[in-house]
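# Remarks on the overall topology
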Amino acid sequence: MKHVKRIVLCGIISGIIALHSCKKDGNKVPESKTFYGDEQPLGNGTIRSFVVLDKNGKPQSIGMKFTVEALSGLPTDSTVEHDTPVPLPEEAAITGFDHLEVDWNPVGHDPKPIYGLPHFDFHFYMITKEEQAAVIPGPDTIPVPPTFIPQDYVSGVQAVPDMGVHWIDMKAPEFNGQKFTDTFIYGFYHGRMTFMEPMATAAFISSKPDFKIQIKQPESFQKTGYYPTVQHLYFDASSKEYTMVLEGLKFSAGKENN
């Protein structure tokens, strides 16, 4: 009888432990949660933004997802850049990015020897749409303090309407004998960083890569916010979506007024 009781008792204890474990796991707080913006039409498909927050509400990544169909049925008019606003979910406000936009360039853009291929510009703006619209095209001679310039980046000098001046990495593959496939641009205007911009050719995206770039960082940032350390382009076969995402967000206290 003692032996039977011992077995029963062990069974009861095991059951209590198992039940307790189930309750504990059932109440476990997810490590992260993804929030999406409203879908927008792009080509024959759609594109949407997203932000991933950890269990404490801190942003981990921010990006755009677009369907396979988005790469077909795109405009062919090469006289203009085809802009598509990509609304952010309200949860993305903590990142410091104000709004997103994807631009389609059917024959590329200047400098044509380098970027004259059909490609997308994925803009992550740190300024408001009103500030973006106030950009005056032409030479921008207001200097950027060196502490805010990433290593190896040089100014394109000319401000592009609704964008600003594009700063390029002179150590990037396309400036060192290789064909342009994917690169990372910083944008400045009147001495301030205004946007970050991954660029990728349609052909490279269509190849369904799993491609990462370590984003070169300046010594400090002007505006307080969360800044990416990795750019990641990949294809998800299950959802049939491409993703262009800025990952490894790290907090930086703004130095603009210090």
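Residues numbered from 1 in each chain as written. Predicted model: local features only at pLDDT ≥ 70, side-chain atom pairs only at ≥ 80, totals over all residues. Heavy atoms only, no water.

### Here we look at the overall build of the protein
Spelled out, the test is: Secondary structure is summarised from DSSP: a helix means a run of H or I of at least four residues, a strand means a run of E of at least two, and numbering begins at the N terminus for each. Only protein chains enter the calculation, and the probe is 1.4 Å; a residue is then buried if its accessible area is under 20% of its type maximum, exposed if over 50%, and partly exposed in between. The contact definition used throughout considers only heavy atoms, calling two residues in contact when any of these lie within 4.5 Å. In these tables, accessible area is a Shrake-Rupley quantity obtained with a 1.4 Å probe, and a residue counts as shielded only by the protein chains included in the view.
Of the regular secondary structure elements, the protein holds four helices and 17 strands. Classification of the 258 residues of the protein by burial places 45% in the buried group. Within the protein, contacts between residues at least 6 apart in sequence are counted, and of these 58% link residues at least 24 apart. Summed over its atoms, the accessible surface of the protein is roughly 13,600 Å², and 57% of this surface lies on carbon and sulfur atoms.

### Examining the nonpolar core
Cut-off, in case you're wondering: Joining through side-chain atoms within 4.5 Å is the link that ties buried Ala, Val, Leu, Ile, Met, Phe, Trp, Tyr and Cys residues into a set, and such a set is a nonpolar core.
Phe-120, Phe-122, Phe-124, Tyr-186 and Met-196 are the most contacted members of the largest nonpolar core, which totals 47 residues. At four residues, the largest contribution of residues to this core is made by strand β11 (residues 182–189). The contact partners of Phe-124, leaving out residues within four places of it in the chain, are Ile-62, Gly-63, Met-64, Phe-97, His-99, Leu-100, Thr-194, Phe-195, Met-196, Pro-198, Met-244 and Leu-246. Residues Ile-127, Met-163, Ile-168 and Met-199 belong to the second largest nonpolar core, which totals nine residues.

### Topic: the packing of aromatic side chains
Under the convention used in this document: Each Phe, Tyr or Trp ring (for Trp, its six-membered ring) is paired with any other whose centre lies within 6.5 Å, and the angle between the two planes then decides the class: stacked below 30 degrees, edge-to-face above 60, tilted in between. In this analysis the charged atom, NZ for Lys or CZ for Arg, is taken to sit over a ring once it is within 6 Å of the ring centre and within 35 degrees of the ring normal.
Overall, the coordinates contain 17 aromatic pairs when judged by the stated rule. With a centroid separation of 4.8 Å and an interplanar angle of 40°, the aromatic rings of Trp-104 and Phe-120 are classed as tilted. Placement of the pair is Trp-104 in strand β6 (residues 99–105) and Phe-120 in strand β7 (residues 119–125), with a sequence separation of 16 residues. Through pairs of rings, three or more aromatic residues link up here, namely Phe-66, Trp-104, Phe-120, Phe-122, Phe-235 and Tyr-242. Across the ring face of Tyr-36, the terminal group of Arg-48 is positioned such that the distance to the ring centre comes to 4.0 Å.

### Looking at the pairing of strand β5 (residues 82–86)
The criterion, for reference: DSSP-based pairing: two strands are paired if at least 2 bridges between them are found.
Covered by surrounding structure in β5 are His-82, Thr-84 and Val-86 only, the residues Asp-83 and Pro-85 on the alternate face being uncovered. Of the pairings in the sheet, the one linking β5 to β6 comprises five bridges and is antiparallel in character. Within β6, the residue paired with His-82 across the bridge is Trp-104.

### What about the sheet that holds β6?
Spatially, β5-β6-β7-β12-β11-β10-β9-β8 is the arrangement adopted by the eight strands of the open sheet, whose pairing is antiparallel. The sheet is open, and its two borders are formed by β5 and β8 (138–139), each paired with just one other strand. Strand direction decides the pairing type here: strand β9 (residues 153–160) and strand β10 (residues 164–169), joined by five bridges, are antiparallel. By the bridge assignment for β10, Ala-159 is matched with Val-165.

### Examining the pattern of salt bridges
This is how the line gets drawn: For this analysis, a salt bridge means a side-chain nitrogen from Lys or Arg found within 4 Å of a carboxyl oxygen belonging to Asp or Glu.
For the structure on display, the rule yields six salt bridges. Between Lys-55 and Glu-31 there is a salt bridge, with the nearest N and O atoms lying 3.9 Å from each other. On the criterion of sequence distance, the pair formed by Lys-55 in the loop between β3 (45–54) and β4 (59–67) and Glu-31 in the loop between α1 (2–26) and β1 (32–36) is long-range, its members being 24 residues apart. A residue is classified by how much of its surface remains accessible, and Lys-55, at 48% relative accessible area, is partly exposed. The class of Glu-31 is partly exposed, set by a relative accessible area of 48%. One salt bridge in this structure joins Arg-48 and Glu-241, with 3.2 Å as the shortest N-O distance. Residue Arg-48 is located in strand β3, and its partner Glu-241 is located in strand β16 (residues 241–247); the two are separated by 193 residues in the primary sequence. For the pair formed by Arg-48 and Glu-241, the shared burial category is buried. Linked through salt bridges whose partners overlap, the residues forming this network are Asp-152, Asp-169, Lys-171 and Lys-216.

### Examining unusual backbone geometry
In this model, Asp-110 is joined to Pro-111 through a cis peptide bond whose omega is -10°. On the secondary structure map, Pro-111 appears in the loop between β6 and α2 (112–115). Its identity as a non-glycine residue notwithstanding, Asp-162 has a phi of 65°, on the positive side. Within the secondary structure, Asp-162 is located in the loop between β9 and β10. If you check the backbone angles, Lys-240 has positive phi at about 55° while not being a glycine. Examined against the element boundaries, Lys-240 turns out to sit in the loop between β15 (230–236) and β16.

### Some remarks on the side chain of Ser-49
Let me state the cut-off plainly: Any N or O atom pair separated by 3.5 Å or less is treated as a polar contact, with the protein-specific requirement of one donor-capable and one acceptor-capable atom, and with residues adjacent in sequence counted only for side-chain atom pairs.
With respect to the helices and strands, Ser-49 occurs in strand β3. At a separation of 2.5 Å, a polar atom in the side chain of Ser-49 contacts the main-chain carbonyl oxygen of Pro-87.

### Here's the deal with the confidence of the model for the protein
Put simply, the rule is: Values of pLDDT, the confidence the predictor places in each residue, fall between 0 and 100.
For the protein, the mean per-residue pLDDT works out to 90, and 87% of the residues sit at or above 70. Contacts of residues 1–26 to residues separated by more than four positions or lying in other chains number zero contacts, the stretch itself having pLDDT below 50.

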